[in-house]
Each structure stands twice: as C-alpha cells, then as structure tokens.
Amino acid sequence: MSVAVASQSIQSAEKRAKRFWIALVVFLFIIQSTIMGLVMHLAIGDPSAAVVPDYHNAALNWDQARRMNEAPDRLGWQVTFNASDVADGRGMRAIELQILDRSGDPIDDLSMNGKLYHHARAGDVVSVELKSVGQGNYLALAPAAQSGLWQLELTIDGADEPATRSVTFRVR
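Cut-offs used in this document
- All residue numbers refer to positions counted from 1 along the written sequence of the respective chain.
- Per-residue local features are limited, in this predicted model, to residues with pLDDT of at least 70; the limit for side-chain atom pairs, both in listing and counting, is 80 or more; totals at the level of whole chains, interfaces and linings are taken over all residues.
- Hydrogens and water are ignored here; the side-chain numbers use all heavy atoms of the structure.
- The way it works is that DSSP assigns letters per residue, a run of H or I at least four long becomes a helix, a run of E at least two long becomes a strand, and they are numbered from the N terminus.
- The cut-offs for exposure are 20% and 50% of the maximum accessible area for each residue type, with area from a 1.4 Å probe on protein chains only; residues under the lower value are buried, those over the upper are exposed, and the others partly exposed.
- In summary, the charge assignment counts Lys and Arg as positive and Asp and Glu as negative, without counting His or the chain termini.
- Within this document, salt bridges are pairs made up of a side-chain nitrogen of Lys or Arg and a carboxyl oxygen of Asp or Glu, the two lying within 4 Å of each other.
- Here, residues are in contact when the closest pair of their heavy atoms is within 4.5 Å.
- Two strands form a pair only when DSSP identifies at least two bridges running between them.
- Candidate patch residues must exceed 30% relative accessible area and have no salt bridge, after which like charges are joined if within 9 Å and Val, Leu, Ile, Met, Phe, Trp or Tyr side chains if within 5 Å.
- Each accessible area is a Shrake-Rupley estimate made with a 1.4 Å probe; only the visible protein chains count as cover when residues are assessed.
- The atoms used to mark charge sites are NZ of Lys, CZ of Arg, CG of Asp and CD of Glu.
- Whether two aromatic rings pair depends on their centres lying within 6.5 Å, for rings of Phe, Tyr and Trp, where Trp uses its six-membered ring; planes under 30 degrees apart make the pair stacked, over 60 edge-to-face, and the rest tilted.

Draft legend 1. Here's a closer look at the side chain of Arg93. Tracing the sequence through the fold places Arg93 in strand S2 (residues 92–100). In this structure Arg93 is buried but unpaired, with Asp85 as the nearest side chain of opposite charge at 6.1 Å. Sequence-distant contacts of Arg93, that is, excluding residues within four places in its chain, are made with Ala83, Ser84, Asp85, Val86, Ala87, Ala140, Leu141, Ala142, Ala144, Ala145 and Val171.

Below, the structure is given as structure tokens:
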C-alpha cells in the first residue's frame, strides 16, 4: 500500500511540475509578445521617428542633389528667409523668401514648392507653395504654430538650372 501511495504522490508531483513549467514558458512567451507588440507600436506609430523622404535616391544621385543645393550660390542669388513672429488663430504663420540676383535686382518668375516639418514631428510633412508677390518676394501661409525648430525644404523651378534650398528656422 505504501508503494501505491508513493507512486501516486510522485505522479501528482510530476503533474504539478509539468503544469508549472508549461505555465512558466507560456507566461514568458506572453510577456515577450506584449513587449514586442509595444515596441512595434512605438516604432511605427510615433510621428517623431521618421525617415527622410526619398533619402535613398538622393544618396544615389548625390552629385545631382549637391549641384541643385549649390545652384542659388552659383547663380549669385541673395536668398533671405523670414518667418513671422505670430501665428493666426488657425495656427497659420506667414513665411517669406526674398531672392535677388547678383546685381541686387529681384527675381520674380520662379516657381517655389516646399516641404515643411517640425523637427520633433518629422513624420508630419506639409506641402507649401510660395507665391510671388513682387519685388523678388515669395509668400506663403504655413501651418507652423508649434514652437521649436522647423525645416523648410524648397524646390525652385524656373531658373537657368533647377535649385533647392534648405532653411531651418526657430519659432518661439
């Protein structure tokens, strides 16, 4: 009789051990899956973590990108950027660019498009078109209400050669 009781006791201890180790493995798997899901959510859903658009092609065509970025200097342009100190009730802020040629004469016949984003939210890119308002001035209302560093990546068409200009400015 004592052998049968000992055998049952060993079997029940074995069953408890099996349940414990299986439950432990499942529990650790659930914890790992939860952490992995949280990390994936943060990596994909956080707008402050962003990839620079078309960076790979710009890197492949680095010579062309550099040439376009240096074009305003090569053409002798004087480029002045100004962002207003105040945003309106909708959060729109006036941004102005003035372009003068070598002799100081205004250049009015350019087409300017840009991509504007806040450095803390680089995934939230807004397209902006600056329109000529005369005397070499180009103006746009841009949604830039949040204080901090902003980046404006301009593409300038209509000159002797394609040009780009990158402007970083601070909003207080």
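Draft legend 2. Highlighting the pairing of strand S5 (residues 137–143). Taken together, the 7 bridges between S2 and S5 define a ladder with antiparallel strand orientation. When the sheet's bridge partners are listed, Gln98 is paired in S5 with Asn137. With 3 bridges connecting them, strand S4 (residues 121–134) and S5 associate as antiparallel partners. Paired with Ser132 across the two strands is Tyr138, which belongs to S5. Between the end of S4 and the start of S5, which pair antiparallel, lie 2 residues, with Gln135 showing a positive phi angle near 60°.

Draft legend 3. The arrangement of a positive patch on the surface in detail. On the surface, a cluster of positive charge is made up of Lys15, Arg16, Lys18 and Arg19. As for its placement among the helices and strands, Lys15 is situated in helix H1 (residues 2–45).

Draft legend 4. Spatial organisation of the packing of aromatic side chains. With the rule as written, the count across this model stands at 2 aromatic pairs. Between Phe20 and Trp21 the ring centres are 5.0 Å apart and the planes differ by 75°, which places this aromatic pair in the edge-to-face class. On the accessibility criterion, Phe20 (48% relative accessible area) is partly exposed. On the basis of an interplanar angle of 45° and a centroid distance of 5.0 Å, the ring pair of Phe81 and Phe169 is categorised as tilted.

Draft legend 5. Representation of the pattern of salt bridges in the model. Inspection of every chain in the model, using the stated rule, returns 4 salt bridges. Here Arg66 and Glu70 are joined by a salt bridge, their closest N and O atoms 2.9 Å apart. On the criterion of helical spacing, the pair formed by Arg66 and Glu70 is a turn pair, its members being 4 residues apart in helix H3 (residues 62–74). By relative accessible area, which is 32% here, Glu70 ends up partly exposed. The residue Asp73 makes a salt bridge to Arg165 at a minimum N-O spacing of 3.4 Å. With Asp73 in helix H3 and Arg165 in strand S7 (residues 163–171), this pair connects stretches of sequence that are 92 residues apart.

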